[in-house]
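Listed below, chain by chain, are the residues.
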Amino acid sequence: MKKIVLFALLLASTLSYAKHPLTLWVAGDNTAADQTELSNPQRGWAQVLPTFVKDMAVKNLSYDAQGVASFVVSERWNYILTNAKKKDYLLIQFGVNDLDPNKGRAFSSIAHFEHYLLEMVTKAQKAGLNVILTTPVSRVRRDAQGMFYSSFGLYAEATRRVALRTNTPLIDLELKTANELTYMPQEQADQLYTDGTNLTEQGALWVAQLWAQDAVLLPKMEGYINLYDHAETLYTTPVTIGE
């Protein structure tokens, strides 16, 4: 009898998991956000993450013109905290709009950026989520001699500090994209970016693949990453939230 009950419980657990698989939630800015007007060439790199993620739903709550200071008080952050399940994953990427004083509530000093990012990570970890911090995608910037230089250094470094302080896995997209852009001809970079900051579909796939190449090395993520079988580009389904 005990064996029958145990089997029933295991079966119920398996069926429950099948109906409610793990979700990878994404909190970020316009470089990651879903772009629903597909006649526009801009795409967010998290928008195409389903191309590289398998057996896990991807829900992208990233939004245009967001910084960490504006996101922590948004309905989108509240939606994630309310709907995410224990053991779900949360990818956090900010730093693109945070440095610009003209971005309103998205702007924050380095100290405030680090404070709010730490707040997000702490709340998510207390909720039982597996957080993956990600530094911002590098912009295409070149000096008078045509040499590439990074533009998010201090904010990327603040993200690295929070990762160390909270023992949170970090995928350093700022470093990875900067390394490739340093030796990339401008004509090739022009195929990846719409304006030097935001991405084309080709650029979004490039960044998403760079992220996946590191994600597959993280504990428990290996079985959810698809690096090789890409017959088509897969998009996230936009999440509708009253703003």
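No experiment lies behind these values; they were computed from the predicted model shown. (Residues numbered from 1 in each chain as written. Predicted model: local features only at pLDDT ≥ 70, side-chain atom pairs only at ≥ 80, totals over all residues. Heavy atoms only, no water.)

Q: Outline the overall build of the protein, listing residues and values.
A: Scanning the protein from N- to C-terminus turns up eight helices and five strands. Looking at the protein as a whole, 50% of its 243 residues are labelled buried. Long-range pairs, those at least 24 residues apart, make up 76% of the contacts in the protein with a sequence separation of at least 6. Carbon and sulfur atoms form 55% of the exposed surface of the protein, whose accessible area is close to 12300 Å². Each charge class in the protein can be summarised by its mean position, and for the 22 positive and 25 negative side chains these summaries are 12 Å apart. (Helix = DSSP H or I, 4+ residues; strand = E, 2+ residues; numbered from the N terminus. Buried < 20%, exposed > 50% of the residue type's maximum accessible area, 1.4 Å probe, protein only. Contact = heavy atoms within 4.5 Å. Areas by Shrake-Rupley, 256 points an atom, 1.4 Å probe, with all protein chains shown as cover. Lys, Arg positive; Asp, Glu negative; His and termini not counted. Charge placed at Lys NZ, Arg CZ, Asp CG, Glu CD.)

Q: Outline the side chain of Thr168, listing residues and values.
A: Looking at the element boundaries, Thr168 is found in the loop between α5 (153-166) and β5 (170-171). On the basis of relative accessibility, which here comes to 7%, the residue Thr168 falls in the buried class. When neighbours within four sequence positions are excluded, Thr168 is seen to be in contact with Val121, Gln125, Val131, Ile132, Leu133 and Ala163.

Q: With reference to specific residues and values, describe helix α4 (residues 110-126).
A: If you check α4, its first and last C-alpha atoms are 24 Å apart, about what 17 residues at 1.5 Å a residue would give, namely 24 Å. Among all positions of α4, only Phe113, Glu114, Leu117, Leu118, Met120, Val121 and Ala124 are buried. Buried residues of α4, viewed axially, fall in a sector of 160°; they line one side. Across from the buried face of α4, at angles greater than 90 degrees, the exposed residues are Ala111 and Lys126. Against β1 (23-28), α2 (68-71), α3 (75-83), β3 (89-93), β4 (130-134) and α5 lie the buried residues of α4. Of the residues flanking the end of α4, it is Gly128, one or two places downstream, whose phi is positive at about 85°. (Expected span 1.5 Å × (residues − 1). Arc of directions from axis to C-beta.)

Q: Break down the pattern of salt bridges for me, citing the residues and quoting the values.
A: Charged atoms that come close allow side chains of opposite charge to pair. A complete count under the given rule lists seven salt bridges for this structure. Among the ionic pairs, Lys85 bridges to Asp88, the shortest N-O distance being 3.7 Å. A relative accessible area of 0% places Asp88 in the buried class. Asp214 is paired through a salt bridge with Lys176; the nearest N and O atoms lie 3.4 Å apart. Separated by 38 residues along the polypeptide, Asp214 in helix α8 (residues 201-215) and Lys176 in helix α6 (residues 173-182) bring together distant segments of the chain. (Salt bridge = Lys/Arg side-chain N within 4 Å of Asp/Glu carboxyl O.)

Q: Quick rundown of the pairing of strand β2 (residues 57-60)? Include the residues and the values.
A: Residues Val58 and Asn60 point to one face of β2 and are all buried, whereas Ala57 and Lys59, pointing to the other face, are not buried. Pairing geometry for β1 and β2, over four bridges, is parallel. Residue pairing across strands places Val26 opposite Asn60, the latter belonging to β2. (Pairing = 2+ DSSP bridges.)

Q: Give me the lowdown on the environment of Leu170, citing residues and values where you can.
A: Relative to the elements of secondary structure, Leu170 occurs in strand β5. For Leu170, a relative accessible area of 29% corresponds to the partly exposed category. Residues Leu170 and Asp214, 44 residues apart in the sequence, show an inter-C-alpha distance of 9.0 Å. Contacts of Leu170, omitting those with residues within four sequence positions, involve Leu133, Thr134, Thr135, Thr159, Arg160 and Ala163.

Q: So what about the nonpolar core? Which residues, and what values?
A: By size, the foremost hydrophobic cluster in this structure holds 41 residues, and its most contacted members are Leu24, Trp45, Leu49, Trp211, Met221 and Ile225. Per-element accounting of this core gives the leading share, eight residues, to α8. Other than its neighbours up to four places away in sequence, Leu49 contacts Leu24, Val26, Val58, Leu91, Ala208 and Trp211. Judged by nonpolar contacts, the second largest core, of 27 residues, contains Trp25, Leu90, Phe94 and Ala163. (Core = buried A, V, L, I, M, F, W, Y, C linked by side-chain atoms within 4.5 Å.)

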